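Residue-level listing of the chains:
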Amino acid sequence: MTDRIFRFFATFKLMFVLLVMTGIFSAVGTFIPQGEDNAEQVVAKYGQVAYDRLHMLGITDTYHSWWFFLVLLLFTLNLAACTLVRLPKVWRMHKSLEEAEEPELHIPQTNFELRFASELSPLEAADAVRKRLEGSLARCQDAQGKNGRVLAAEKHTLSLWGAYIVHAGLFMLIGAGFLRVMFGYSKYMYVLEGSKAFIPREEVQFGLWIDPLPVPKTSWTLPLPRFYQRVPSHSMTEILLDKFDVQYYPGTAMPSLFRSDVKIVEGGAVIKAASLKVNEPLTVGAVTLYQSSYGYQGLNSADLELRLPGSKDVFQVTAPYRKRFKLLDSGWEMEITDFYPEADMAKPGEIVQTGAQLNNPAIRVKFFKKGVQKAWFWYVYAYPSIQMSKVPGLEIKGKTLDPVAFTVLQAAHDPGEWLALSGALVLLLGVFASFYLFYRKFWVVVSPREGGGSLIRVVGNSKRNKMGFRKMFEGVSSQIKGDLHGF
Amino acid sequence: MDFDQLSQGLFIALFLILGTAWVLLLIQALRKSEAAGIWASRILGLALVWNLGALAYRGYAAGHAPWANQYESATMVAFGVILLYFIFQRRHKVPALGIMVIPAAMLAIAAANLLPGEYKKMAPLMPALQNYWLKIHVSLMLLSYGSFATTFGLSLMYLIKDGAWTRRTTWIALPIAGAVAGMFFGYVHASAHSPLWLSFLDRLGLSAINGSNAKAYALLALAGTVLGAVTAALVSRLPGSLIGLMPDKDTLDELNYQSVSLGFPLLTLGVILGAFWGHLAWGRYWAWDPKETWAFISWLIFAFFLHMRIFAGWNGRRIAWIGLLGAGSIVFTYWGVNFLLTGLHAYAKSS
């Protein structure tokens with residue numbers, strides 16, 4: 001039974017089916033927007049009913065669905081079984097010639113064979129052949145066969161193992177992925193400029209938990225055992241965002257750089273100061289922090305030019321955020337109540353926030369006289385002429401803004417990191433061995449010739465690059481023939 | 001003439017140089033002219049140097065490695081096609097292979113030049129791309145894309161030699177490819193609201209904002225079909241004329257395998273180094289982003305090609321079809337993902 005299961009997993013047919021399934025399933029996930037974050041997009045495109053069905057089938061989260069994991073698992077088993085079946089064959093190729101009962105039987109049938117005769121004695125001929133093989137290939141093995149001496153030399157034996165080294169690399173990568181999924185995590189943290197936030201952490205617990213599974217159309221529940229759970233763990237380490245800096249390419253809204261200058265705080269004491277940039281993460285204990293994105297939320301202040309009703313004078317104010325203040329002795333007061341860094345007009349008169357980047361900033365201002373609100377409106381910096389003030393003579397002009405930045409950092413823990421790195425290197429080594437090293441082996445049988453001299457049989461074999469090997473075989477065999485004055 | 005115009009001019013000139021080399025290769029094959037063959041090699045050598053020079057100029061003018069958007073990457077792919085073709089031919093010297101492979105480089109440059117204007121402009125790099133990995137990962141991926149043009153050429157040659165690809169196949173394949181390309185061209189210009197697309201809609205009396213533009217797409221599909229049919233009329237007899245020149249089927253099969261041996265390690269290295277970069281920039285090696293996923297699918301197809309050929313004893317026609325499928329997957333990974341799917345790698349435009 002075990003043998004049958006093993007043989008089933010070691011078939012190329014299964015590999016064919018699994019490769020096709022992996023390809024198709026992977027492709028499906030690229031056409032349907034994935035994850036909860038994109039649910040609205042799927043609903044808008046295909047409708048709620050279609051979304052519900054896709055969601056039920058796991059297609060809205062293909063790469064985390066049970067069937068995708070199952071195919072990957074079967075694929076891993078298939079890979080392992082195919083590797084185990086083929087390993088002994090390669091191992092046999094390495095078997096020392098001296099250990100073989102009949103060395104000549106080890107010589108395979110190939111298209112590369114040359115036979116000739118030589119006046120040299122078998123002993124002299126074998127010496128000359130050995131020298132030539134060691135010069136052209138590598139160390140030469142030598143054994144006595146029934147018909148004569150058998151000499152063998154090979155080159156680039158690592159290439160025989162190339163495919164298996166690739167497979168080993170793939171197993172390591174799969175293992176690294178498993179470790180990351182089981183024990184790793186990735187959390188986003190938002191830190192406002194000048195404030196602190198704890199670095200999020202998670203821990204894995206093993207035990208027995210029972211989850212109630214509702215039975216459809218009944219009030220019954222089934223107990224579903226669970227042996228694993230992840231819980232947020234208390235972190236003592238905080239990140240203080242000292243300063244967030246964005247620079248733009250001149251004349252564009254495209255950032256050329258964004259950087260978080262942070263301090264790592266533990267137990268109230270600063271233990272480290274660093275700058276975080278994209279491509280330049282920071283490791284704090286077991287967690288690595290990546291600069292992910294940024295945005296703006298709230299204002300420190302805004303510089304404005306104002307003209308009040310009944311006055312011709314324009315005056316400058318530095319307005320605080322969400323704080324009502326007096327406009328000189330005019331009897332008027334104002335307050336900036338809202339700030340949208342990226343505003344858009346949903347419909348006439350309705351301003352909505354569409355993003356956190358400083359792409360189209362707008363502020364909502366309120367004006368009061370003698371404590372009574374007289375006007376409120378949105379002021380959009382890019383369109384200063386559109387002022388929705390209903391109070392004649394009230395004008396406002398935005399000068400500069402001092403928004404409060406926040407940084408978005410990704411805190412990730414990946415216990416499989418080193419395994420992934422090693423697996424990738426092993427895989428690359430395997431690919432190198434497979435494609436850039438060509439295994440080649442020569443056998444030469446030197447047997448005594450009736451009437452004196454020797455009979456020589458040269459056989460060559462190569463894995464892959466048969467065309468390149470033809471030239472080599474012709475070269476080496478003719479050199480041997482020349483060395484032995486063959487005819 | 002500004003930097004952009006000069007850079008684009010250099011690549012248009014490259015297209016003409018490659019076209020001249022292709023015509024000479026045809027003359028060499030059909031008229032058995034040795035002189036034409038020698039000149040074709042020289043002009044291809046010039047094309048390689050010209051391409052390198054045009055890339056270097058683009059890099060100098062843009063201030064970064066010249067493969068940050070679709071236009072730039074296409075010119076790098078053209079370089080990959082020519083370079084890997086040269087490397088392959090240096091070892092194997094396959095007659096008529098250039099006739100099949102060089103059009104891939106020409107097509108890459110032509111497609112890049114048919115992109116909307118804003119897609120062709122040089123632009124500064126976003127912070128995530130300001131890294132040495134851009135030079136390493138992207139160049140390797142683009143070279144691997146280019147290398148599979150040789151696989152495409154050899155697979156096609158095998159199928160022609162084998163009789164599996166006939167004149168009828170050409171008459172079916174080219175108009176279909178033309179129709180798809182026509183609609184894709186429309187889709188790309190529609191997505192960019194390019195002036196060309198807007199004036200096209202205007203002439204048809206259609207709206208860019210809320211109208212159904214099926215009529216515009218149908219017209220482009222029709223134009224593509226006609227163009228494909230005209231091309232088929234011009235080239236459908238060509239494979240028949242080249243059969244005598246092609247190596248025997250076994251040699252083509254072995255060469256096909258050799259070409260994948262050249263491209264597959266490049267693709268593997270490119271994907272793995274991309275994963276390293278992803279780890280550094282986004283905190284994960286692999287995120288099933290559409291570009292990653294399609295690169296993985298292409299990798300699976302070529303891994304399948306290699307396994308079936310080496311271990312399962314597949315060869316000949318089946319392997320050649322898999323080679324074509326792999327080349328098709330590479331085209332989708334490169335063009336389809338950038339324009340039809342969204343993700344972190346959608347680099348059609350620089351910004």
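It should be noted that the structure appears before, not after, this text.
Caption draft 1: Fine view of the overall build of chain A. Counting its regular elements, chain A contains 9 helices and 22 strands. Here the C-alpha radius of gyration of chain A, 38 Å, is well above what a compact globule of 487 residues would show, namely 23 Å. Relative to its full complement of 487 residues, chain A shows a buried share of 45%. Expressed as a percentage of contacts within chain A between residues at least 6 apart in sequence, the contacts between residues at least 24 apart total 60%. Accessible surface, chain A as shown: approximately 26,400 Å² in total, 59% of it carbon and sulfur.

Caption draft 2: Looking closely at the pattern of salt bridges. Residue and element names in this part refer to chain A. One pass over the full model with this rule turns up 28 salt bridges over all chains. In this structure, Lys-263 and Asp-242 form a salt bridge, with 2.4 Å as the shortest nitrogen-oxygen distance. Taken as a pair, Lys-263 in strand β9 (residues 255–266) and Asp-242 in strand β8 (residues 237–248) lie far apart in primary sequence, 21 residues in all. With a closest N to O distance of 4.0 Å, Glu-280 and Lys-277 form a salt bridge. Judged by relative accessible area, which is 25%, Lys-277 ranks as partly exposed. Residues participating in the shared-partner salt-bridge network are Asp-127, Arg-130, Asp-142 and Arg-149.

Caption draft 3: Spatial organisation of the pairing of β8 of chain A. All names here are of chain A. Here strand β5 (residues 196–198) runs beside β8; their pairing, made up of 3 bridges, is antiparallel. Within β8, the position partnered with Ala-197 by the bridge is Ile-239. Hairpin connection from β8 to β9: 6 residues lie between these consecutive antiparallel strands, with Gly-251 at a positive phi of about 75°.

Caption draft 4: Highlighting unusual backbone geometry. Residues and elements named next belong to chain A. A positive phi is found at Asn-279, a non-glycine position, where the angle reads about 75°. Position of Asn-279 among the secondary structure elements: in the loop between β10 (269–277) and β11 (282–284). Judged by its relative accessible area of 5%, Asn-279 is buried.

Caption draft 5: Main features of the interface of chain A and chain B. Counting from both sides, the interface comprises 47 residues of chain A and, opposite them, 50 residues of chain B. Roughly 4,000 Å² is buried in total at the junction of chain A and chain B, and carbon and sulfur atoms are behind 72% of that figure. When the area that chain A buries against chain B is broken down by residue, the three leading residues are Asn-279, Phe-435 and Met-467 of chain A, summing to 16%. Remark: the boundary between chain A and chain B carries 0 salt bridges. Applying the counting criterion to the chain A and chain B interface returns 12 residue pairs in polar contact (both at pLDDT 80 or more).

Rules used in this analysis
Per-chain numbering applies: the sequence of each chain, read as written, is numbered from 1 onward. Whichever chain is written first becomes A and whichever ligand is written first becomes 1, with later ones labelled in order. Two thresholds apply to this predicted model, a pLDDT of at least 70 for residue-level local features and 80 or more for giving and counting side-chain atom pairs, whereas whole-chain, interface and lining totals are computed over all residues. To obtain the side-chain values, all non-hydrogen atoms of the structure were used and water was disregarded. In this description a helix means any DSSP run of H or I spanning at least four residues, a strand means any run of E spanning at least two, and both kinds are numbered starting from the N terminus. Atoms counted for the radius of gyration: C-alpha only. Globule rule: 2.2 Å times the number of residues to the power 0.38. To sort residues, take the accessible area from a 1.4 Å probe on protein chains only and compare it with the maximum for the residue type: under 20% means buried, over 50% means exposed, and anything in between is partly exposed. For this analysis, residues touch if any pair of their heavy atoms sits within 4.5 Å. Each accessible area is a Shrake-Rupley estimate made with a 1.4 Å probe; only the visible protein chains count as cover when residues are assessed. The term salt bridge refers to a side-chain nitrogen of Lys or Arg lying within 4 Å of a carboxyl oxygen of Asp or Glu. When DSSP finds at least two bridges between two strands, those strands are taken to pair. Here the buried area means the combined drop in accessible surface, using a 1.4 Å probe, for two parts upon being joined, counting both sides. Polar contacts, as used here, are pairs of N or O atoms within 3.5 Å; protein pairs need one atom able to donate a hydrogen and one able to accept it. Residues neighboring in sequence count only if both atoms are side-chain atoms.

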